[in-house]
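# Breakdown of the fold
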Amino acid sequence: MIFKIEDVTVYFPYDNIYPEQYEYMVELKRALDAKGHCLLEMPTGTGKTIALLSLITSYRLSRPDSPIKLVYCTRTVHEMEKTLGELKLLHDYQVRHLGTQAKILAIGLSSRKNLCVNTKVLAAENRDSVDAACRKRTASWVRALSTENPNVELCDYFENYEKAADNALLPPGVYTLEDLRAFGKNRGWCPYFLARHMVQFANVIVYSYQYLLDPKVAGIISKELQKESVVVFDEAHNIDNVCIEALSVSVRRVTLEGANRNLNKIRQEIDRFKATDAGRLRAEYNRLVEGLALRGDLSGSDQWLANPALPHDILKEAVPGNIRRAEHFVHVLRRLLQYLGVRLDTENVEKESPVSFVSSLNSQAGIEQKTLKFCYDRLQSLMLTLEITDTDEFLPIQTVCDFATLVGTYARGFSIIIEPYDERMPHIPDPILQLSCHDASLAIKPVFDRFQSVVITSGTLSPIDLYPRLLSFTPVVSRSFKMSMTRDCICPMVLTRGSDQLPVSTKFDMRSDPGVVRNYGKLLVEMVSIVPDGVVCFFVSYSYMDGIIATWNETGILKEIMQQKLVFIETQDVVETTLALDNYRRACDCGRGAVFFSVARGKVAEGIDFDRHYGRLVVMYGVPFQYTLSKILRARLEYLHDTFQIKEGDFLTFDALRQAAQCVGRVIRSKADYGMMIFADKRYSRHDKRSKLPGWILSHLRDAHLNLSTDMAIHIAREFLRKMAQPYDKAGTMGRKTLLTQEDLEKMAETGVQDMAY
Amino acid sequence: MAGGQVEKRVKYKSSVKDPGTPGFLRIREGMLLFVPNDPKSDSKLKVLTQNIKSQKNTKEGSNKPPWLNLTNKLGKSHIFEFENYPDMHACRDFITKALAKCEEEPNKSAVSTSSEQLSIKELELRFKLLRENSELQRLHKQFVESKVLTEDEFWATRKKLLGKDSIRKSKQQVGLKSMMVSGIKPSTDGRTNRVTFNLTPEIIFQIFAEKPAVRQAFINYVPSKMTEKDFWTKYFRAEYLYSTKNTAVAAAEAAEDEELAVFLKPDEILARETRQKIRRVDPTLDMEADQGDDYTHLMDHGIQRDGTMDVVEPQNDQFKRSLLQDLNRHAAVVLEGRSIDVESEDTRIVAEALTRVKQVSKADGETTKDANLERLERMSRLAGMEDLQAPQNFPLAPLSIKDPRDYFESQQGNVLNVPRGAKGLKRNVHEAYGLLKESILEIRATGLSDPLIRPEVSFEVFSSLTRTISTAKNIIGKNPRESFLDRLPKSTKDEVLHVSPTFSSVLSDKKLYMY
């Protein structure tokens, strides 16, 4: 359908639209007009992504003189694929109605591992070795060498791409990763470098958060994006965690050992160069004297990860004199490693601010703050000079230099915590020195400063006023949308008691109680026998899930479950989990369906949808609190309290409930869909906990469903499923329109939006 | 077979618990004779070979005495305990041969005198058909039990049903049970530490399907290196080691015994298959791609111990395998279903067939691009939001299951509009009756001719019948239960309901005259 929002003609690829989608677009358009940032919460299952995409692309079409670029950030690669899938649909529609002027170039961007088509490079096991294998074939000095020595192996795809030079362009269209690979294979061009090259021309770029938030990656990929871009962070409820993670580094014993080995290797290389090509080291020295940390004209294939500190914090100064010489730099690093080794030997937990850490480093190892700050740049320069391609081997020393640079750059918002072992496993010594960032606003600040509009959106941003504080920005629009319901297609319930009427909870003192474990099991046994197709269960942690499944296996509960449905489980092995999910979907497509056991805060909870028949019921076992005794968490809570006056308990509950809401929100995708959500813990019945759930869940949580036992829940589930299986009127009844047609919109435009059917 | 007869010293038991009566077992072609040592004992037994349905025997090497269990067609079983295994085998072989001979004979005779020699199978099939098909059952009751037809006459016309059904039955593939193999609990005798595992072909199949390494080991080792029994003993020993979760012991035992180590090591074939499969998963699920995109969690970057991710004890030990992995693997195999069509007791054949199937599917995955295309198509289909779109108009054929009575109601109007009215109707009925009567007389006189009844006559009869039913309903009116139709005998009514709507319309088109 085609309709107008104020002066923008919106092309929307469906015949109908939900009222909240329309409102969402209106708000979004206002934010774009104001060239400001916005914060929008809209329930899952209301077509956020398509509303967003179609408004922004239409906005671009309506302002041909100042074309905006859309940078769409997703959390995961599969969400990226999904977004591009929806964009494809939209693009087809717009081209059909507008002809070629609506054509855009949209690309997904990922790492070499996901884009490479060279089979020899792909044979490498993990991402880091793929990166290294690629560099081995594409680095500028390797290619220079190959002109003399024909035995040096190069990558044909990269060579072809280089040969095509500026002619290597992607024709307009929407490219998923698969499409990029297919195109690259077809033309013989390297898809990875092609995609990176096309970033500056593309109208829509879809990539992962860290390509914008993590300075290491953003420094290379997102450097050249223009200010007139709209940045969207989708599913952004965890954005604060991504931000602080991007600036955190830790050092373990293995890191130090590896770094020492790396230094030996570097030392050898330096000696070799001294003997054969001393001029090169001298040239590097001269360059550093002149104040250029890095050559400005690095070819794409030579670049690796950028400086871990944020761009505006990097000093544009000459590298200090004491580390200009390669040998001296190696000595400094050795002293640093030694110092870190001593600190790791501690018996107690130590917590320190970066300032005191740097000063004690200065007094004991004689390394100044400024030297630390330049560690990263100096190492990068040295590795380029020494022509090191196997970057994966040199990760440990890289880590140590990242750490040094960060600790030298930031005085506040960070703390250093040294732990001799993990709190939860005191019997296994595993010393770790962590530099952890507490301030989420640090990493995202350059993004807010640089781009004209940043949209933060998700299904769960409650409480919505907390996010501007955590990320310290002022949104021009901040709204939370309700869901207009054609029928009550979600059914949340709070289960407080088991079949024996005893309370259930994952509270620390109750979680190992066999009665609770049995009650949880019985709940599932009953549920799988009445719920069709897919059932998803979330547990509070891996170890808890591991334990409870083992117990269920011993007591025969698992066998009873298996009589009804197949069982699939998320494990810590990503490959296995992916296959399990794939099988789970196939099992839901046919037969009696399946159960999927998963973990809140896990990879599945973060990004996999269990919509339609892939999930008719979610059971959230327990409240997914963080491990509150963690030193890092304590430090962060302290920081939040001091700087933002956010209370500890409030933050913990907020965090746990957003995870729970995230887990259960995965079942619903559109209003034609339906699903039940069971919060199985007595703590959910308390108002202070429950009220932190997003509004669209709360509005469906009836008072009668707040304190249920297993048998009551079963009864409600039966009724609900029977009701939902009936045909219904999609357009909504009783005067409340839940599906708008073109005419409705036109009428509304005349009378004003106030009439909106809510 | 000296003289076509075998004689062995045995103990005869009428049931498993029975201590047994010592005596001689004499087997001849065609019959089996047991003579007790004690002539006063009443357990003298004579069994005709053709009455033996099946025989079972205990496996050599198990700790049971050599028993031979014969089941006759009535379901009663006779157990003979032999003195040693060779004796039992000799007898078993003899009976097998005799049975084979018996089977050939009734097959031959079945053609000539089918009424007497019905194989049990066929009988069972007939019963099954009757059970499943209530219509047939009704007919059967009606005709056979009222002695209109004999049993054989009844079935003779329905040979097709019997034949087709038996084909269909063999094609239905049975899925796998969703019970875990690790759920097999050994039986213990309670006194010693000895445990006994009962392996059925079903279980073996499942083990082979879930653990390709075990399958491969079986092909490699049995029987060249060890017997099948030794193989399974080792396997369960390994399983036991897993269940104790004592990795140190497992490692030590594996170091000593390389065959045992095969079971304890991670499954390499499985790992290879996994790598194959991961390339074909739905991209909207592919979390592995995610990991490849994540530079925040580059070694030691990101936050390690903030309590969001919990720690599990390091799993790098190669002798550790988690229950979760087993569960996933098991469910995947069940989902895949029974991929081979081999129903064999021979474990080796099963193992080899499975390996072949796996290789074929692997080759498929490498060559066809169709899977990839289909994957993308599915993705684009999923991208849309179903309820925002206009309902997709799939080419649907309207289901036209109607109550045939409606036809008569629809004819009502026609009937009432006919100028002839009720009087005309009556005359019409008489006319039709007259015509029919004439034809019947004709048949009596001349016998059956090619069109049984002339088309004009049948048309007249049908249309008058239709009219009668339609109008009668109109006249009787108020009480819908009681219509003209219901007054007809049940079978006639059914026939009319079935036939008239189609026939009449065809007839009125006068097309029938052509045939």
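Residues numbered from 1 in each chain as written. Chains lettered and ligands numbered in written order. Predicted model: local features only at pLDDT ≥ 70, side-chain atom pairs only at ≥ 80, totals over all residues. Heavy atoms only, no water.

### A short note on the overall build of chain B
From N to C terminus, chain B includes 20 helices and nine strands. Taking all 515 residues of chain B together, 36% fall into the buried category. With an accessible surface of roughly 32,600 Å², chain B has 54% of that area assigned to carbon and sulfur atoms. (Helix = DSSP H or I, 4+ residues; strand = E, 2+ residues; numbered from the N terminus. Buried < 20%, exposed > 50% of the residue type's maximum accessible area, 1.4 Å probe, protein only. Areas by Shrake-Rupley, 256 points an atom, 1.4 Å probe, with all protein chains shown as cover.)

### Quick word on helix α3 (residues 77-98) of chain A
With 22 residues, α3(A) ought to run about 32 Å at 1.5 Å a step, and its terminal C-alpha atoms sit 31 Å apart, in line with that. Downstream of α3(A) by a residue or two, A:Gly99 has a phi angle that is positive, lying close to 80°. (Expected span 1.5 Å × (residues − 1).)

### Some words on empty space enclosed by the protein
Residue and element names in this part refer to chain A. Applying the stated criterion to the full structure yields 13 cavities of 30 Å³ or more. By volume, the largest cavity is sized at about 350 Å³. Surrounding the largest cavity, 20 residues form its lining, Thr49, Glu86, Glu235, Asp609 and Arg669 being those nearest its centre. Sorting the residues of the lining of the largest cavity by element identifies α2 (48-62) and α3 as the ones contributing at least two each. Residue contributions to the lining of the largest cavity peak at four residues, all from α3. Of the residues contributing to the lining of the largest cavity, the split by class is three nonpolar, eight polar and nine charged. (1 Å grid on protein atoms, 1.4 Å probe; cavity = no way out; pocket = protein on both sides within 12 Å on 5 of 7 lines; lining within 4 Å. Points joined across faces, edges and corners; volume = space filled by probe spheres on them. Nonpolar A, V, L, I, M, F, W, Y, C, P; charged D, E, K, R; others polar.)

### Things to note about the nonpolar core
Membership of the largest hydrophobic core comes to 187 residues, with the highest contact counts inside it found for A:Phe3, A:Tyr207, A:Leu212, A:Phe233, A:Ile239, A:Ile266 and A:Ile456. Not counting chain neighbours up to four residues away, the residues in contact with A:Ile266 comprise A:Val330, A:Leu379, A:Leu382, A:Leu386, A:Ile388 and A:Phe394. Counting 129 residues, the second largest nonpolar core, distinct from the first, contains A:Leu657, B:Ile204, B:Ala217 and B:Val222. (Core = buried A, V, L, I, M, F, W, Y, C linked by side-chain atoms within 4.5 Å. Contact = heavy atoms within 4.5 Å.)

### A few points about the interface of chain B and chain A
Taken together, the contact between chain B and chain A spans 65 residues of the former and 107 residues of the latter. Interface area, chain B with chain A, both sides summed: about 7,900 Å², of which 59% is carbon and sulfur. Connecting chain B to chain A are one salt bridge. With a shortest N-O distance of 3.5 Å, A:Lys113 and B:Glu288 are connected by a salt bridge. The tally of links between chain B and chain A comes to five residue pairs in polar contact (both at pLDDT 80 or more). Sorting the residues of the side of chain B that touches chain A by element identifies α11 (268-278), α12 (287-291), α13 (323-336) and α15 (370-383) of chain B as the ones contributing at least two each. Counting residues per element, the side of chain B that touches chain A draws most heavily on α13(B), at 10 residues. (Buried area = accessible area lost by both parts, 1.4 Å probe. Salt bridge = Lys/Arg side-chain N within 4 Å of Asp/Glu carboxyl O. Polar contact = N/O pair within 3.5 Å; in protein donor to acceptor, adjacent residues only side chain to side chain.)

### Concerning a nonpolar patch on the surface
Together, B:Leu448, B:Leu452 and B:Ile453 make up an exposed nonpolar region whose accessible area comes to about 300 Å². As for its placement among the helices and strands, B:Ile453 is situated in the loop between α17 (421-446) and α18 (455-476). (Patch = residues over 30% accessible without salt bridge, like charges linked within 9 Å, V, L, I, M, F, W, Y side chains within 5 Å.)

### With respect to the packing of aromatic side chains
Residue and element names in this part refer to chain A. For the structure on display, the rule yields 36 aromatic pairs over all chains. A ring pair is formed by tyrosine 674 and phenylalanine 720, whose centres lie 6.3 Å apart and whose planes are at 70°; its orientation type is edge-to-face. With tyrosine 674 in the loop between α28 (648-664) and β20 (675-680) and phenylalanine 720 in helix α31 (residues 710-724), the pair connects residues that are 46 residues apart, well separated along the chain. Assigned by exposure class, tyrosine 674 and phenylalanine 720 land together as buried. Grouped by ring-pair contacts, the aromatic residues Tyr520, Phe539, Tyr544, Trp552, Phe597 and Tyr621 constitute a single cluster. Its guanidinium or amino end placed over the ring of tyrosine 544, arginine 511 lies 5.3 Å from that ring's centre, counting from NZ or CZ. Lysine 671 extends its terminal NZ or CZ atom over the ring of tyrosine 18, reaching a point 3.9 Å from the ring centre. (Phe/Tyr/Trp six-rings, centres within 6.5 Å; stacked < 30°, edge-to-face > 60°. Lys NZ or Arg CZ within 6 Å of the ring centre and 35° of its normal.)

### Regarding the sheet that holds strand β10 (residues 350-352) of chain A
Residues and elements named next belong to chain A. Ordered by their spatial adjacency, four strands build an open sheet running β9-β12-β11-β10, and the pairing between neighbours is antiparallel. The outermost strands of the open sheet, each flanked by one partner alone, are β9 (249-252) and β10. The sheet shows a mean angle of 15° between the axes of neighbouring strands, direction not considered. When β9 meets strand β12 (residues 429-437), the two strands line up antiparallel, connected through four bridges. Of the residues in β12, the one forming a bridge with serine 250 is glutamine 434. (Pairing = 2+ DSSP bridges. Axes fitted to C-alpha atoms, helices over the stretch in contact; angles between N-to-C directions.)

### Digging into the UniProt feature "domain: Helicase ATP-binding" (unreviewed entry) in chain A
Per the UniProt record, the feature "domain: Helicase ATP-binding" (unreviewed entry) sits at residues 7-285 of chain A. Taken end to end, residues 7-285 of chain A has its terminal C-alpha atoms 59 Å apart, with 57% of it in helix and 13% in strand. (UniProt positions renumbered as here; feature names shortened; annotations may be inferred.)

### Concerning unusual backbone geometry
All names here are of chain A. Phi at glutamate 235 is positive, roughly 50°, even though this residue is not glycine. Of note, glutamate 235 is situated in the loop between β8 (229-233) and α13 (239-246). One non-glycine residue, serine 472, lies in the positive phi region at around 40°. Look at serine 472 and you get partly exposed, because its relative accessible area is 43%.

### A word on the sheet that holds strand β7 (residues 77-82) of chain B
Residue and element names in this part refer to chain B. Taken in spatial order, the seven strands line up as β4-β3-β2-β1-β7-β6-β5 in an open sheet, and their pairing is antiparallel. Only two strands of the sheet have a single neighbouring strand rather than two, namely β4 (45-48) and β5 (52-57). Each strand axis lies, on average, 30° off the axis of its neighbour in the sheet, ignoring direction. Sheet analysis places strand β2 (residues 21-28) next to strand β3 (residues 31-36), joined by six bridges and oriented antiparallel. When the sheet's bridge partners are listed, leucine 25 is paired in β3 with phenylalanine 34.

### Here's the deal with the pattern of salt bridges
Residue and element names in this part refer to chain A. Scanning the entire structure with this criterion turns up 50 salt bridges over all chains. Measuring nitrogen to oxygen at the nearest pair gives 3.1 Å for the salt bridge that ties arginine 137 to glutamate 153. Within this pair, whereas arginine 137 is found in helix α6 (residues 127-138), its partner glutamate 153 is found in the loop between α7 (140-148) and α8 (156-164), the two being separated by 16 residues in sequence. According to the relative accessible area criterion, arginine 137 is buried, its value standing at 13%. Among the salt bridges present, the one from glutamate 638 reaches lysine 351, with a minimum N-O distance of 3.2 Å. Here glutamate 638 is found in helix α27 (residues 631-644), whereas its partner lysine 351 is found in strand β10, with 287 residues between them in sequence.

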